[in-house]
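So you can see what is in the structure, the chains are spelled out below.
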Amino acid sequence: MSEPSRSEPVGVVLAVDPDRFAEVVEALRRAGLTVTGEQPILGTLSGTVAEERIPDLEAIDGVESLDRERTIQLPPPDSPIQ
């Protein structure tokens, strides 16, 4: 039996085979992904997972890419930097 996750969850965005979307998403959930958003037609989803589980997700057949979510800080509209 594996040891429980100890790291903070990280946000991830995945592209998966859209023809096998439901099957791949179920495998991702079993591997530890908490799904927060799905776009089956596009074959994309987002979620959170313990950082040490990312290699497990990437190894699932049907996962085409996995990227960490990124936050972009935009300056306010009245900022001199545009």
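Scroll up to find the structure.
Remember, predicted model here, so these are calculated numbers, not experimental data.

### Looking at the overall build of the protein chain
Here is step 1: Scanning the protein chain for helices and strands turns up two helices and four strands.
Here is step 2: Element order for the protein chain, N to C, with α for helix and β for strand: β-α-β-β-α-β.
Here is step 3: Among the 82 residues that make up the protein chain, the fraction classed as buried is 33%.
Here is step 4: Of the contacts made within the protein chain by residues no fewer than 6 positions apart, 61% connect residues no fewer than 24 positions apart.
Here is step 5: Carbon together with sulfur atoms contributes 52% to the accessible area of the protein chain, which is approximately 5,900 Å² in total.

### Points about the nonpolar core
Across soluble globular proteins, nonpolar side chains have a tendency to be buried as a group.
Here is step 1: Judged by nonpolar contacts, the single largest core of 19 residues is most densely connected at Leu-14, Leu-28, Leu-33 and Leu-45.
Here is step 2: Looking at this core element by element, the count peaks at five residues for helix H1 (residues 21-30).
Here is step 3: When near neighbours in sequence (up to four residues on either side) are disregarded, Leu-45 contacts Val-12, Val-13, Leu-14, Val-16, Phe-21, Val-25, Leu-28, Leu-33, Val-35, Gly-37 and Glu-38.

The rules behind each value
- Residues numbered from 1 in each chain as written.
- Predicted model: local features only at pLDDT ≥ 70, side-chain atom pairs only at ≥ 80, totals over all residues.
- Heavy atoms only, no water.
- Helix = DSSP H or I, 4+ residues; strand = E, 2+ residues; numbered from the N terminus.
- Buried < 20%, exposed > 50% of the residue type's maximum accessible area, 1.4 Å probe, protein only.
- Contact = heavy atoms within 4.5 Å.
- Areas by Shrake-Rupley, 256 points an atom, 1.4 Å probe, with all protein chains shown as cover.
- Core = buried A, V, L, I, M, F, W, Y, C linked by side-chain atoms within 4.5 Å.

From the geometry alone we can't say anything about function, so treat these as descriptive.
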